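Examination of the molecular architecture
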Amino acid sequence: MSFYDRYQDFKDLDFKQFMAGVGEQQLEEILFKQSLDWQDFLALLSPQAGSYLEPLAQRAREVSIRNFGRVILLYTPLYLANYCVNQCLYCGFKASNELPRHRLSLAEVETEAQKIAEMGIKHLLILTGESRQDSSLEYISSCVEILKEYFPALAVEIYPNSVSEYRSLIEAGVDALTIYQEVYDRQVYEQVHVQGPKQNYRYRLDAPERGCQAGMRSVNIGSLLGLADWRSEAFFTGLHAQYLQNKYPETEISVSVPRLQSALGGFAPNSVVEDRHLVQIILALRLFLPRLGITLSTREAPELRENLISLGITKMSAESSTVVGGYAVNQQGIGQFDTTDQRSVEQIKELIRGQGYQPISKNWQRI
Amino acid sequence: MTDKLELGGEKLASRLLMGTGKFPSKEIIPQAIKAADSQVVTMALRRVDFDSPAENVINYIPEEVILLPNTSGARTAEEAVRIAKLARAAGCGDWVKIEVISDHKYLLPDNQETIRATEILVEEGFVVLPYMSPDLMAAKKMAAAGAAAVMPLGAPIGTNKGLRTQDLVEILVEEIEVPIIVDAGIGKPSHAAQAMELGVEAVLVNTAIATADDPVRMAKAFAQAVEAGREAYLAGAGPVRDYAEASSPLTGFLEEG
């Protein structure tokens, strides 16, 4: 059994019809339920639930504080390389885009690490494009060797790996895995991933589970909102998180809610996800899975990020660059996508405090 | 007043242990500890940022307080042992609260791994306070291994549900020689008083203080409740009956001349 079977159970569900049947009374009842099932979760993603955002937010805030406290963990991404063999229509690093390709030398990795550590960051997310030739696991492990001197917690967001490959990364010093399915709707998946190993839907879908099996301490999944209908995509994201949480209780499961941002290549979203929709997704996820971590990146605008803090976010990136070497080595380069919130770590900490929350830089220490 | 909590070779006036997680700011932590008069304060080693004085939670704990680093994040006995050793090496002292949790959904402790970690850490010279699910056999094994106290949960961490495990905790109070400290689940001062009335030696509170609108005031309220509960226990409360005791007995006529 893998999440693929669960996906099969639901992929032919008529989401529009299900959601059209959601009534006021049902939503009122869900607001007072202790434990939500998938029908409740889907009801919270319905257009009708859009009129209940305030009571849902009140509830979500209470659940979040009880489970996580008034605390937000900070992290930042480090792009090691932008070589990529995939052709993902929405991505700035896709193979056909003509931009300078670079892979950080180990000396450059150290320079970047020093700069990021100076910013006050302890949790680092390292990223590469998909190229087993240019960004091999050996290369990534060598980078980890250097980075672990600077950061007590290291996550990877790279191409999908086997269980034994994930184990080798853990042995090198990695403790967390981020991998987005990008889009659960298989038809859309095939349309937007037109070339390269990423075309293998199922290998990617099962990657978070392989990370759990390998012993990653935390696993973060997500759907790139805007590629397909956001309501069903958010539903599959929650369902996937629930599957992992139930099957691998020793692993901390979290989700990201990335909205498609403009990137080199100018891909237009298939589904427009407005701010209020993003709020609805966060609230529905929080109430469906009270212990779920929810990550928010600098893709989102400063003011919106501030307002989302109290609705259930547990982790935020700060002062991010999506450029390879963007912190010290190559500040003018082209990024994977455009960030909107470009404030410094200190500024982000200040705004978190302003919301009555405590910014946390460190939540793990390699043991 | 000679009623002191004897724990790890110390005699403590306060029976309220505090946690440092979930607070809206670090600056509020010392104020809350002061208001609670706590003498033992726990913090997750995973959160302690030794590199940055402003971020290091230990710098917000008054010096006279005993540090009780906890092994939050450990999934196995081995991980708990490694974390405890890191804490000691970092200068956090010999006390350790063992938390072995391999269930992120309910955050319930793994008693079996906790017993193993207790055995190893006692052997290594730590003052060991294991957080556990209130199970008599597990508590006996932890005490036999040399735990300084046993810390059963009142309800799952962060739920604020109160002493849902009362019957099981009462058995521990009855049967276990080392102090019983109720940890987790206590949501209100009345819950803390209730636990103390049962004869537990102390309580540990974090979420209920840290997430209150006014944590400092709530810390004080907890201190008062713990004291009241302890006094009530020492005073010996009257027995609880299931029915009223009639002031005019029904069989009184038998005694009449």
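A brief report on the enclosed structure follows. (Residues numbered from 1 in each chain as written. Chains lettered and ligands numbered in written order. Predicted model: local features only at pLDDT ≥ 70, side-chain atom pairs only at ≥ 80, totals over all residues. Heavy atoms only, no water.)

**Topic: the overall build of chain A**
The helix and strand inventory of chain A stands at 15 helices and eleven strands. By the compact-globule yardstick of 21 Å for 367 residues, chain A fits well, its C-alpha radius of gyration being 19 Å. Once the C-alpha set of chain A is aligned to its principal axes, its extents read approximately 60 × 45 × 40 Å. Within chain A, the fraction of its 367 residues that count as buried is 62%. Considering only residue pairs separated by 6 or more positions, chain A has 76% of its internal contacts joining residues 24 or more positions apart. Total accessible area on chain A is roughly 13500 Å²; 46% of this is exposed by carbon and sulfur atoms. (Helix = DSSP H or I, 4+ residues; strand = E, 2+ residues; numbered from the N terminus. Rg over C-alpha atoms; globule rule 2.2 N^0.38 Å. Buried < 20%, exposed > 50% of the residue type's maximum accessible area, 1.4 Å probe, protein only. Contact = heavy atoms within 4.5 Å. Areas by Shrake-Rupley, 256 points an atom, 1.4 Å probe, with all protein chains shown as cover.)

**Structural notes on the pairing of strand 9 (residues 293–296) of chain A**
All names here are of chain A. Of the two faces of strand 9, both are covered, the one formed by Gly293 and Thr295 as well as the one formed by Ile294 and Leu296. Here strand 8 (residues 252–256) runs beside strand 9; their pairing, made up of three bridges, is parallel. Bridge pairing in strand 9 places Val255 opposite Ile294. Where strand 9 and strand 10 (residues 315–317) come together, two bridges link them in parallel fashion. If you follow Leu296 over to strand 10, its bridge partner there is Met316. As for the winding sense of the linkage, the β-α-β connection from strand 9 through helix 14 (residues 302–308) to strand 10 is right-handed. (Pairing = 2+ DSSP bridges. Right-handed = clockwise from strand over helix to strand, strands pointing away.)

**A short note on the environment of Phe3 of chain A**
All names here are of chain A. Checked against the element boundaries, Phe3 lands in helix 1 (residues 3–11). Looking at Phe3, the relative accessible area reads 0%, which means it is buried. With 252 residues separating them along the chain, Phe3 and Val255 place their C-alpha atoms 15 Å apart. Each residue touching Phe3, except ones within four places of it in the same chain, is listed here: Tyr184, Leu205, Asp206, Glu209, Phe236, Leu239, His240 and Tyr243.

**Considering the interface of chain A and chain B**
How big an interface is tends to be stated in terms of accessible area lost as the parts join. Facing 32 residues of chain A, the contacting portion of chain B comprises 33 residues. Where chain A abuts chain B, roughly 2700 Å² becomes buried across the two surfaces, and 44% of that area is made up of carbon and sulfur atoms. Taken together, chain A and chain B are joined by six salt bridges. The residue Asp51 of chain B makes a salt bridge to Lys122 of chain A at a minimum N-O spacing of 2.8 Å. For the pair chain A and chain B, the number of links is 23 residue pairs in polar contact (both at pLDDT 80 or more). Within the residue set of the side of chain A that touches chain B, elements represented by two or more residues are helix 5 (53–68), helix 12 (230–247), helix 15 (345–354) and strand 11 (358–360) of chain A. (Buried area = accessible area lost by both parts, 1.4 Å probe. Salt bridge = Lys/Arg side-chain N within 4 Å of Asp/Glu carboxyl O. Polar contact = N/O pair within 3.5 Å; in protein donor to acceptor, adjacent residues only side chain to side chain.)

**Considering the packing of aromatic side chains**
Residues and elements named next belong to chain A. Here the structure, examined in full by the defined rule, presents 17 aromatic pairs over all chains. Consider the rings of Phe15 and Phe236, whose centres lie 5.7 Å apart with planes at 70°: the pair is edge-to-face. Residue Phe15 is found in helix 2 (residues 15–20), and its partner Phe236 is found in helix 12; the two are separated by 221 residues along the sequence. With centroids separated by 6.1 Å and ring planes inclined at 65°, the aromatic side chains of Trp38 and Phe235 adopt a geometry described as edge-to-face. One end of the pair, Trp38, is in helix 4 (residues 38–44); the other, Phe235, is in helix 12, with 197 residues separating them in the sequence. Overall, the relative accessible area of 22% leaves Trp38 in the partly exposed class. On the accessibility criterion, Phe235 (0% relative accessible area) is buried. Residue placement shows Arg210 over the ring face of Tyr203; its charged tip is 3.8 Å from the ring centre. (Phe/Tyr/Trp six-rings, centres within 6.5 Å; stacked < 30°, edge-to-face > 60°. Lys NZ or Arg CZ within 6 Å of the ring centre and 35° of its normal.)

**Re the packing of helix 3 (residues 111–123) of chain B against helix 4 (residues 136–145) of chain B**
Residues and elements named next belong to chain B. Closest axis-to-axis distance for the helix 3/helix 4 pair is 9 Å, and the angle between their directions is 10°. For the element pair helix 3 / helix 4, the angle class is roughly parallel. Along the contact surface, helix 3 presents Asn111, Thr114, Ile115, Thr118, Glu119 and Val122, while helix 4 presents Ala138, Lys141, Met142 and Ala145. Of the residues in the contact of helix 3 with helix 4, the class split is five nonpolar, three polar and two charged. (Axes fitted to C-alpha atoms, helices over the stretch in contact; angles between N-to-C directions. Parallel < 35°, antiparallel > 145°, perpendicular 65-115°, else oblique. Nonpolar A, V, L, I, M, F, W, Y, C, P; charged D, E, K, R; others polar.)

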